[in-house]
Amino acid sequence: MGDHDAGMTRREFLAASAASVATLRAADSWQAGDVAHLLPAANDRRILLKASFRRALAEPPKLLVGKRKVAGVRTDTAGRYWRFDADGLPPGEEHRLALEDHRGRLCATPGR
């Protein structure tokens, strides 16, 4: 599988990701809440996300990918660092993302 088979090269993905981060920071509707860092990776069928939070979370947060919920996996002992793996996504579609805990929404992409 070549770089162009997925519709976007890795270089194009990185450029788009950097532009998205700049857009999210500038958007009035973006509220980071308790989210300290987001480290995304994606291809045409999968989104991998690592997140750190300003406060420890006692229960696993969930990544909402459209209507699908993906439970977070804790990667530290305190509960501040989590990873999410949303696999088997339909290619060629826009996926709105949000993070929530047992109390509600932690953050979301603009427009949610």
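See the structure printed just above.
Residues numbered from 1 in each chain as written. Predicted model: local features only at pLDDT ≥ 70, side-chain atom pairs only at ≥ 80, totals over all residues. Heavy atoms only, no water.

Let us now look at the pattern of salt bridges. For side chains bearing opposite charge, pairing can occur when the charged atoms are close. Counted under the stated rule, the structure contains seven salt bridges. Two residues, Arg 55 and Asp 101, come together in a salt bridge whose shortest N-O distance is 2.7 Å. Taken together, the positions of Arg 55 in the loop between strand E2 (46-53) and strand E3 (62-65) and Asp 101 in strand E7 (residues 97-101) put the pair 46 residues apart, joining distant regions of the chain. Note on Arg 55: relative accessible area 25%, which makes it partly exposed. Taking the shortest distance from any N to any O, the salt bridge between Arg 96 and Glu 94 comes out at 3.3 Å. Given a relative accessible area of 36%, Arg 96 falls into the partly exposed group. (Salt bridge = Lys/Arg side-chain N within 4 Å of Asp/Glu carboxyl O. Helix = DSSP H or I, 4+ residues; strand = E, 2+ residues; numbered from the N terminus. Buried < 20%, exposed > 50% of the residue type's maximum accessible area, 1.4 Å probe, protein only.)

What follows concerns the side chain of Glu 100. Position of Glu 100 among the secondary structure elements: in strand E7. Side-chain polar atoms of Glu 100 contact the side chain of Lys 69, separated by 3.1 Å. Excluding anything up to four places from it in sequence, Glu 100 contacts Pro 61, Lys 62, Leu 64, Lys 69, Arg 105 and Leu 106. (Polar contact = N/O pair within 3.5 Å; in protein donor to acceptor, adjacent residues only side chain to side chain. Contact = heavy atoms within 4.5 Å.)

Before going further, it helps to examine the nonpolar core. In this structure, Phe 53, Leu 63, Val 65, Phe 84, Ala 86 and Leu 99 are the most contacted members of the largest nonpolar core, which totals 16 residues. Those elements that provide at least two residues to this core are E2, E3, strand E6 (81-87) and strand E8 (104-108). The biggest single contributor to this core is E2, with four residues. Other than its neighbours up to four places away in sequence, Phe 53 contacts Asp 34, Val 35, Ala 36, Pro 61, Arg 80, Trp 82, Leu 99 and Leu 106. (Core = buried A, V, L, I, M, F, W, Y, C linked by side-chain atoms within 4.5 Å.)

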